[in-house]
Amino acid sequence: MSTNKKITKDLVIGALQKVIDPELHIDIVSLGLIYEVVIRQRQLEDGPRDHIHVLMTLTTPGCPLIGVFDKMVKDAVLELPEVTSEQDVTVELTFDPPWIPDMMDEAARAELGL
C-alpha cells in the first residue's frame, strides 16, 4: 500500500530521539550514534514507497546490546504513520569511524559529566 504522506529526515531523527541507550539512559541521536539517515523512493508493484536507511554505530564494537539496537531503531521508525512496513527500514551498523565521546551533543556530555 502506498502512502500519501512524505517521510522526511527530520521525522526519522525525531523518532530516533525516542530510542534511549539502556546503559547510558540518553537518546542515541544525542549520543552521536546516528551517522546518516537516507530516504529513497522505491517503485513497488503497489506503487511508490519510501525506504529509510539508518547508518549508525555503537559506543563500542563489543557492546552487549548490539542485537537489541537494530530492533529498537526499526521499532521507533515504524511508529511513524508514514512508514507502513518493516521492509521499509534498514539499519546498517558500522564502526568506521569509531564512536568517540566528542560525538555527543553538549547536553549529553553534561549529563554524563564529560
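Quick caveat, the model's predicted, so the values are computed rather than measured.

Draft legend 1. Structural view of the overall build of the protein chain. Check the secondary structure of the protein chain and you find 3 helices and 3 strands. Taken from the N to the C terminus, the helices and strands of the protein chain come in the order α-β-β-α-β-α. In terms of principal-axis extent, the alpha carbons of the protein chain reach across some 50 × 25 × 20 Å. When burial is assessed residue by residue, the protein chain has 40% of its 114 residues classed as buried. Within the protein chain, residue pairs in contact and separated by at least 24 positions form 62% of the contacts whose partners lie at least 6 positions apart.

Draft legend 2. Spatial organisation of the environment of Glu111. Secondary-structure assignment places Glu111 in helix H3 (residues 106–111). If we skip the residues at most four places from it in the chain, Glu111 touches His25 and Ile26.

Draft legend 3. Structural context of the environment of Ile34. The topology assignment puts Ile34 in strand E1 (residues 34–44). Relative accessible area serves as the criterion here: at 16%, Ile34 is assigned to the buried category. Put simply, Ile34 and Thr57 are 23 residues apart on the chain and 6.6 Å apart in space, counted from C-alpha to C-alpha. With near-sequence residues (within four places) excluded, Ile34 lies in contact with Ile13, Leu16, Ile28, Val29, Val54, Leu55 and Met56.

Draft legend 4. Summary view of helix H1 (residues 9–16). Considered for burial, the residues of H1 that qualify are Val12, Ala15 and Leu16. Taken down its axis, H1 places every buried residue within 100° of arc, on the same side. Where the residues of H1 are buried, they touch E1, strand E2 (47–56) and helix H2 (66–78).

Draft legend 5. Seen up close, the packing of H1 against H2. Here H1 crosses H2 at 125°, and the two axes come no closer than 8 Å. The angle between H1 and H2 places the two elements in the oblique class. For H1 against H2, the interelement crossing comes out right-handed. Together, Val12, Ala15 and Leu16 of H1 and Val73, Ala76 and Val77 of H2 make up the contact between the two elements. Considered class by class, the residues forming the contact of H1 with H2 number 6 nonpolar, no polar and no charged.

What counts, and at which threshold
- Residues numbered from 1 in each chain as written.
- Predicted model: local features only at pLDDT ≥ 70, side-chain atom pairs only at ≥ 80, totals over all residues.
- Heavy atoms only, no water.
- Helix = DSSP H or I, 4+ residues; strand = E, 2+ residues; numbered from the N terminus.
- Buried < 20%, exposed > 50% of the residue type's maximum accessible area, 1.4 Å probe, protein only.
- Contact = heavy atoms within 4.5 Å.
- Arc of directions from axis to C-beta.
- Axes fitted to C-alpha atoms, helices over the stretch in contact; angles between N-to-C directions.
- Parallel < 35°, antiparallel > 145°, perpendicular 65-115°, else oblique.
- Left-handed = near helix turned anticlockwise from the far one by under 90°.
- Nonpolar A, V, L, I, M, F, W, Y, C, P; charged D, E, K, R; others polar.

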